[in-house]
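So the chains spell out like this:
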Amino acid sequence: MATVPPVRQLKGRQLGRVLIKMGVLTRDKVHEALKVQKKQGGDKKLGEVLKELDLITDQDLKIALAGQKGLEFCELGNVAVPDKIIEKLPSETARNYRAIPIEFNAGRNELVVVVDNAENFRTAEDLGTVTGHTIVTKIADESEVEEALERYYPEQNESMSEILGEIEADGQLLEMDGRDASIDLDELQELADSSPVKRLLNLVLLQAIRDGAADIHFEPFEDEFKMRYRIDGVLYEMVPPPKHIAVALASRIKVMADLDIAERRLPQDGRIPLTVAGRPVDLRVSILPTMFGESVVLRILDRAQVNLDISKLGFREREENVFRQLIHKPNGIVVVTGPTGCGKTTTLYSALKDLNTVGTKIITTEDPVEYDIDGLMQVQINSDIGLTFPRCLRSILRQDPDIVMVGEIRDLDTAKIAIEASLTGHLVLTTVHTNDAPSTIARLVDLGLEHFLVTASLEGVVAQRLVRKVCLNCKTQYDPSEEELMELDLTPEDVKDKKFFYGKGCEKCNKTGFKGRLGLFEIMSMDDELRDLIMNQASTNILRDAARKSGMKLLRENGLELIFDGQTTISEVARETMIGETG
């Protein structure tokens, strides 16, 4: 094995220079490899070329790449780690990050961990957030890390009941029972650093992310403390922990989100960036003081779970074509509408990703910015310092954008500036809260807009809902009862040639019968007849009838097609399309 100089001499240097410093290569050999790399077109990395020429070993390359990052290479096979060090990382965390703790300095609160990938630069930051220690990272061979994981963490995944049993028996945590208002700052810090609390929270986070949850709720009540998470729009309860751990869990989350642990009377918001199973996950933290303690909600923004592709949103072919035509208009306003949590943001981001080209400048103003997309200028609204939608939008228009995304039109000022932008050659994408596409017109007028401004600027409205998809693993055909059919105003004669499916429930769908969600869409594309009706202040019902004659399908009609395709159920569509859609 090569002699490795101190990493400070290797950090940031070019790979060839690092290998020369290690004594593995001479300058001549490096130049020879660079000539071969150039001759091959320059697509291959230098390390690969050097290995192909048998000038270095795989081990040499790993040591050199670690040195480039300023990380020390470690031979884990020669290290015996005491149990008290191994306990610093719970099994789930160690396996998730493929990290082995090998040393701990209590005076500096410094934990040395060995990982198998120098490229995973967020590991140290994440483990620091999860454990509360300062993390020093070293690199080892992948096979040695795997062997160490098997040796020190032999599939001993902790169960929720084991950790809750420890919490029940923890004297320090038991002392907090009934002391909600009289806990001082030092005690809060101790609670946040408690090992059982850290392990419980880590386990809850990993389980929720693995199950595809959208958010996690920690809810204190008078006599109990609940943990629930939302999957595919439905809340499921987890094993409830003892009530006296509520303060400790809230404090731990505040520490991870860099919030004020001493402030327990005011709402707080923050974020926790993590990497789980090699993919980036953002946790948005919301803390709300209630009668019986602080309610904490973690919203999980898992970029791997969100496919920002218009063709994957659930559009029928006709609706997808109409939507693509709308978002490729040179100017005007396109509104996406629906209740909270119906997927409006995902639809808008999918549109922006489709529009995001080198020749197009796109600026968004959002509250909050939910997904980072390369090539977009994204602005976070901050009302506390006066950075509101109207103020931000005025400044954005001076930045010469082609397309502007406004998170939500909430007031007349924002609406007026959005219309001004659309009339001066910009395409504006935005959201409004209404029940369906035609009622968006009434909402814009209620905000104070003149009818002629709406007709001049609005190009189309997309109303949407989300319904759960039948689990493909346990999908079963059945005959619906007359009562079920009546939920959608259907008769047995209407559906005599149709097939219906539901999910029986299996391990893959957590016994729910559903896995994933699909969008229901109602797209009202503006034409001359609709513009004339709006100018004449026609009612929402008249607008709906005219849009249907022009080809618009109602949310419920869209839902029926998904039912007949075997993708969702009668109850799902009935639940999501209850309001005013019979025309």
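Quick caveat, the model's predicted, so the values are computed rather than measured.

A few words on helix α15 (residues 344-355). Relative to the 16 Å expected for 12 residues at 1.5 Å per residue, α15 spans 17 Å between its end C-alpha atoms, a close match to the ideal helical length. Of all the positions in α15, only K344, T347, L348, Y349, S350, A351, L352 and L355 are classed as buried.

By the criterion of burial, helix α7 (residues 123-131) is predominantly enclosed, with 7 of the 9 residues buried. Listed in full, the buried residues belonging to α7 are T123, D126, L127, G128, T129, V130 and T131. Just past α7, the residue G132 takes up positive phi, approximately 85°.

Under the defined criterion, the tally for this structure stands at 33 salt bridges. Measuring nitrogen to oxygen at the nearest pair gives 3.4 Å for the salt bridge that ties E72 to K138. Of this pair, E72 sits in strand β1 (residues 72-73) while K138 sits in strand β4 (residues 134-139), and the two are 66 residues apart along the sequence. When its relative accessible area of 42% is taken as the criterion, E72 is described as partly exposed. Close ionic contact of E572 with R468 constitutes a salt bridge, the shortest N to O distance being 3.1 Å. Placement of the pair is E572 in helix α24 (residues 570-576) and R468 in strand β16 (residues 458-470), with a sequence separation of 104 residues. Classification of E572 by relative accessible area gives buried; the value is 1%.

Domain boundaries assigned for the chain yield domain 1 (7-72), domain 2 (74-153), domain 3 (160-302) and domain 4 (310-466 + 520-553). Between the C-alpha centres of domain 3 and domain 4 the distance comes to 37 Å.

On to the environment of E370. Along the chain, E370 falls in the loop between β12 (362-366) and β13 (376-380). Sequence separation of E370 and L301 is 69 residues, and the distance between their C-alpha atoms is 7.3 Å. Non-local contacts of E370, meaning those with residues more than four positions away in its chain, are made with R284, R299, L301, T345 and Y349.

Two quantities define a packed helix pair, namely the angle between the axes and the distance from one axis to the other. Following both chains from N to C, one finds helix α16 (residues 389-397) and helix α17 (residues 412-423) inclined at 15°, their axes separated by 8 Å at the closest point. In terms of orientation, α16 and α17 fall into the roughly parallel class. The interaxial crossing formed by α16 with α17 has left-handed handedness. Across the interface between the two elements, F389, P390, L393, R394 and L397 from α16 touch D413, T414, I417, A418, E420 and A421 from α17. Across the contact of α16 with α17, the residue classes break down as 7 nonpolar, 1 polar and 3 charged.

Spatially, 7 strands are ordered β13-β12-β14-β15-β11-β16-β19 in an open sheet, and the strand pairing comes out mixed. Across the chains shown, the open sheet's two edge strands, defined by having one partner strand only, are β13 and β19 (514-525). Direction aside, the axes of adjacent strands within the sheet are offset by 20° on average. Looking at chain direction, β16 and β19 are connected through 10 bridges and run antiparallel. The residue bridging V461 from the neighbouring strand is M524, located in β19.

Because side chains alternate across strand β14 (residues 403-406), one face comprises the buried residues I403 and M405, and the other comprises V404 and V406, equally buried. Across 4 bridges, β12 lies against β14 in parallel orientation. The residue of β14 that forms the bridge with T365 is V406. By the bridge criterion, 4 bridges tie β14 to strand β15 (residues 427-432) in an arrangement that is parallel.

Let us now look at the side chain of E319. With respect to the secondary-structure elements, E319 resides in helix α14 (residues 317-327). For the buried E319, no salt bridge exists, and the shortest N-O distance to an oppositely charged side chain is 4.1 Å, to R318. Those residues in contact with E319 that sit more than four places away from it in its chain are I523, K553 and N558.

This part is about a negative patch on the surface. Taken together, the side chains of E222, D223, E224 and E237 make up a negatively charged region of the molecular surface. By the secondary structure assignment, E237 is in strand β7 (residues 234-237).

With that settled, the discussion passes to the nonpolar core. Ranked by internal contacts, the top residues of the largest apolar core, which has 84 residues, are I100, I216, F218, L249 and V285. Top contributing element to this core by residue count: helix α12 (residues 195-210), with 8 residues. When near neighbours in sequence (up to four residues on either side) are disregarded, I100 contacts L76, I86, V112, V113, V114, V145, A148, L149, Y152 and Y153. Among the nonpolar cores identified, the runner-up in size contains 38 residues, and I419, L447, I534 and A547 belong to it.

Looking now at the side chain of H426. With respect to the helices and strands, H426 occurs in the loop between α17 and β15. Classification of H426 by relative accessible area gives buried; the value is 11%. At 3.4 Å, the side chain of H426 forms a polar contact with the backbone oxygen of P401. A polar side-chain atom of H426 sits 3.3 Å from a polar atom in the side chain of T424. If we ignore the near neighbours within four places in the chain, the residues touching H426 are P330, N331, G332, L397, P401, D402 and A421.

About the criteria used
Residues numbered from 1 in each chain as written. Predicted model: local features only at pLDDT ≥ 70, side-chain atom pairs only at ≥ 80, totals over all residues. Heavy atoms only, no water. Helix = DSSP H or I, 4+ residues; strand = E, 2+ residues; numbered from the N terminus. Expected span 1.5 Å × (residues − 1). Buried < 20%, exposed > 50% of the residue type's maximum accessible area, 1.4 Å probe, protein only. Salt bridge = Lys/Arg side-chain N within 4 Å of Asp/Glu carboxyl O. Domains from an automatic or database assignment. Contact = heavy atoms within 4.5 Å. Axes fitted to C-alpha atoms, helices over the stretch in contact; angles between N-to-C directions. Parallel < 35°, antiparallel > 145°, perpendicular 65-115°, else oblique. Left-handed = near helix turned anticlockwise from the far one by under 90°. Nonpolar A, V, L, I, M, F, W, Y, C, P; charged D, E, K, R; others polar. Pairing = 2+ DSSP bridges. Lys, Arg positive; Asp, Glu negative; His and termini not counted. Patch = residues over 30% accessible without salt bridge, like charges linked within 9 Å, V, L, I, M, F, W, Y side chains within 5 Å. Areas by Shrake-Rupley, 256 points an atom, 1.4 Å probe, with all protein chains shown as cover. Charge placed at Lys NZ, Arg CZ, Asp CG, Glu CD. Core = buried A, V, L, I, M, F, W, Y, C linked by side-chain atoms within 4.5 Å. Polar contact = N/O pair within 3.5 Å; in protein donor to acceptor, adjacent residues only side chain to side chain.

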